[in-house]
Amino acid sequence: MDAVPESLISELRPKILERRTRLQTAAGAVSTDYIHDLLAEIDAALERIDNGSYGLCESCHDPIEAGLLERNPLARFCLDHLSEQDRKAHEQDLELAAQIQAKLLPSNAVHLSGWDTHYRYEPAGTVGGDYCELIASEDGKSLFFAVGDVAGKGVAASLLMTHLSAILRSLLSLGLPLAEVMSRANRLFCDSTAAAHYATLVCGRTTAEGVELCNAGHCSPLLLRQGATERIDPAGLPLGLFCDGRYTLTSSRLAEGDSLVLYTDGITEAQNRNGNDYAEERLIHSLRAHLGLGAKAMADGVIRDVAQFRGTLRPNDDMTLLIVRRLC
Ligand SMILES: [Zn+2]
């Protein structure tokens, strides 16, 4: 039989204990049956951790979905065996999170003269933990773009992603240099999230010469030129890990027809039936096959190619791909 990962249990145990402390405080003020019932539920969960049955469905004995346990560490049934009422509540939460997330995605119609851009955002479930941004500056002279990946999955990851989006949008409105945007975003993310929460992010701006980029632990962007592909490697640490994270700017020249590609590891780590990764090599091959056809054709071509590679296997991670192509 499958087991619930130890790491998840050790992450949830303190949360359950904290609930117990809070409830005990509340019980001192108002002693109701409701609080006593909740305390009993918490003690039963702690007991399940001690006897090794924590996180297993009481009906089918399979592990309860991690997302469900993160949302409710006291859960006793898997998704298939939730009560009708609980299942509805869970579905409504997912639906709401998906609506919030959809509103935050940029428009693919964002346009800057001389540039051709397109992104594809493909969450593995109803909601995703990937982040994608595309904003034209107020003076219409440059384009800000970003792709990121928040640790974790499901509703919790999508909420962190909306948090990251709000932080970046408010910092961008201050007109700061990119490396400064990144280090402030890192501090704000550190201050406002739990230690286990972090995000990788690469963001950039178009310039007269090409692009400038700042990378916080995200997979290396690719630069596709006529006949050559380069990875843009230098990277800082992911956001949210260390409060004094430092970030540096990399500038790259882009000539007419050159493309910059940002993506998340849901693409390169997509697996086929044989357990092989799609990998950077296939990504580059697919991009180059559509190189002259524009940003949309390149992005659509890669997503189609990954789906073909994966075959009938379900995606296990979100996929995001953003193309920034210089027209003239
Ligand atoms: Zn079950």
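Bear in mind that the values here come from a model prediction, so they are computed numbers and not experimental data.

## Some thoughts on the pairing of strand β2 (residues 130–136)
Next, step 1: The buried count for β2 comes to 5 of 7 residues, which makes it a mostly enclosed element.
Next, step 2: Where β2 lies against strand β3 (residues 143–150), 7 bridges are found, and the strand directions are antiparallel. Bridging from a neighbouring strand, aspartate 130 pairs with aspartate 149 of β3.
Next, step 3: Linkage of β2 to β3, two consecutive antiparallel strands, is achieved through a turn of 6 residues, within which glycine 140 is found at a positive phi near 70 degrees.

## Focus on the sheet that holds strand β6 (residues 222–225)
Next, step 1: Pairing in this open sheet of 5 strands is antiparallel, and the strands run β1-β10-β9-β6-β7 from one edge to the other. The open sheet has two edge strands with one neighbour each: β1 (115–122) and β7 (228–231). Strand-to-strand, the axes of this sheet are offset by a mean angle of 15 degrees, without reference to chain direction.
Next, step 2: Packing of helix α8 (residues 279–289) onto the sheet brings it into contact with β6, β7 and β9 (259–263), and relative to β6 it is tilted by some 35 degrees.
Next, step 3: Across the sheet, helix α9 (residues 295–310) lies against β1, β9 and β10 (319–326), angled at about 25 degrees from β1, the strand it touches most.

## Quick word on the packing of helix α4 (residues 84–104) against helix α5 (residues 154–172)
Packed helix pairs are characterised by how far apart their axes lie and by the angle those axes make with each other.
Next, step 1: Two elements in contact, α4 and α5, have axes separated by 10 Å at closest approach and are oriented at 25 degrees. The orientation of α4 with respect to α5, classified from their angle, is roughly parallel. Two packed elements cross with a definite hand, and for α4 against α5 that hand is left-handed. Together, Asp93, Leu94, Ala97, Ile100, Gln101 and Leu104 of α4 and Val155, Ser158, Leu159, Thr162 and Ser165 of α5 make up the contact between the two elements.
Next, step 2: Its residues assigned to classes, the contact of α4 with α5 shows 6 nonpolar, 4 polar and 1 charged.

## Some points on α5
Because an α-helix completes one turn every 3.6 residues, residues spaced three or four positions apart along the sequence face the same direction.
Next, step 1: Helix length check: α5 (19 residues) gives 27 Å between terminal C-alpha atoms against 27 Å at 1.5 Å per residue, within 8%.
Next, step 2: Among all positions in α5, only Gly154, Val155, Ala157, Ser158, Leu160, Met161, Leu164, Ile167, Leu168 and Leu172 are buried.
Next, step 3: At its buried positions, α5 is contacted by α3 (66–71), α4, β2, β3, α6 (178–192) and β4 (199–206).

## Describing the domain arrangement of the protein
Next, step 1: The domain architecture assigned to the protein consists of domain 1 (6–82) and domain 2 (106–326).
Next, step 2: Once you take the C-alpha centre of each, domain 1 and domain 2 turn out to be 37 Å apart.
Next, step 3: Tallying the contact residues gives 4 residues for domain 1 and 5 residues for domain 2.
Next, step 4: The dominant element in the side of domain 1 that touches domain 2, judged by the number of residues it contributes, is α3, at 3 residues.
Next, step 5: Broken down by class, the residue content of the side of domain 1 that touches domain 2 amounts to no nonpolar, 1 polar and 3 charged.

## Re the sheet that holds strand β8 (residues 249–253)
Next, step 1: With respect to topology, 5 strands assemble into an open sheet ordered β2-β3-β4-β5-β8, the strand pairing being antiparallel. For this open sheet the edge positions go to β2 and β8, each flanked by a neighbour on one side alone. Shown here is a sheet whose adjacent strand axes are inclined to one another by a mean of 15 degrees, direction ignored.
Next, step 2: Seen against the sheet, α5 touches β2, β3 and β4 and runs at an angle of roughly 155 degrees to β3.
Next, step 3: Packed on one face of the sheet, α6 meets β4, β5 (210–216) and β8 and runs near 25 degrees to β5.

## Some words on the nonpolar core
Next, step 1: Phe145, Leu164, Ile267, Leu321 and Leu322 are the most contacted members of the largest nonpolar core, which has 59 residues in total.
Next, step 2: Here this core gets 7 residues from one element, more than from any other, and that element is α5.
Next, step 3: Setting aside chain neighbours within four positions, we find phenylalanine 145 in contact with Glu133, Leu134, Cys203, Gly204, Leu262, Leu322 and Val324.
Next, step 4: Counting residues in hydrophobic clusters, the runner-up holds 7 residues, among them Leu56, Ile64, Leu69 and Cys78.

## Brief notes about the packing of α8 against α9
Next, step 1: The interhelical angle for the contact between α8 and α9, taken along N-to-C directions, is 135 degrees, at an axis separation of 9 Å. When the axes of α8 and α9 are compared, the pair comes out oblique. Judged by the twist between their axes, the crossing of α8 over α9 is right-handed. Judged by residue contacts, Arg282, Leu283, Ser286, Leu287 and Ala289 of α8 engage Met298, Gly301, Val302, Asp305 and Phe309 from α9.
Next, step 2: Of the residues contributing to the contact of α8 with α9, the split by class is 6 nonpolar, 2 polar and 2 charged.

Definitions and cut-offs
- Residues numbered from 1 in each chain as written.
- Predicted model: local features only at pLDDT ≥ 70, side-chain atom pairs only at ≥ 80, totals over all residues.
- Buried ≥ 20, exposed ≤ 12 C-beta atoms within 10 Å, placed from the backbone.
- Helix = DSSP H or I, 4+ residues; strand = E, 2+ residues; numbered from the N terminus.
- Pairing = 2+ DSSP bridges.
- Axes fitted to C-alpha atoms, helices over the stretch in contact; angles between N-to-C directions.
- Contact = placed C-beta atoms within 7 Å.
- Parallel < 35°, antiparallel > 145°, perpendicular 65-115°, else oblique.
- Left-handed = near helix turned anticlockwise from the far one by under 90°.
- Nonpolar A, V, L, I, M, F, W, Y, C, P; charged D, E, K, R; others polar.
- Expected span 1.5 Å × (residues − 1).
- Domains from an automatic or database assignment.
- Core = buried A, V, L, I, M, F, W, Y, C linked by C-beta atoms within 7 Å.

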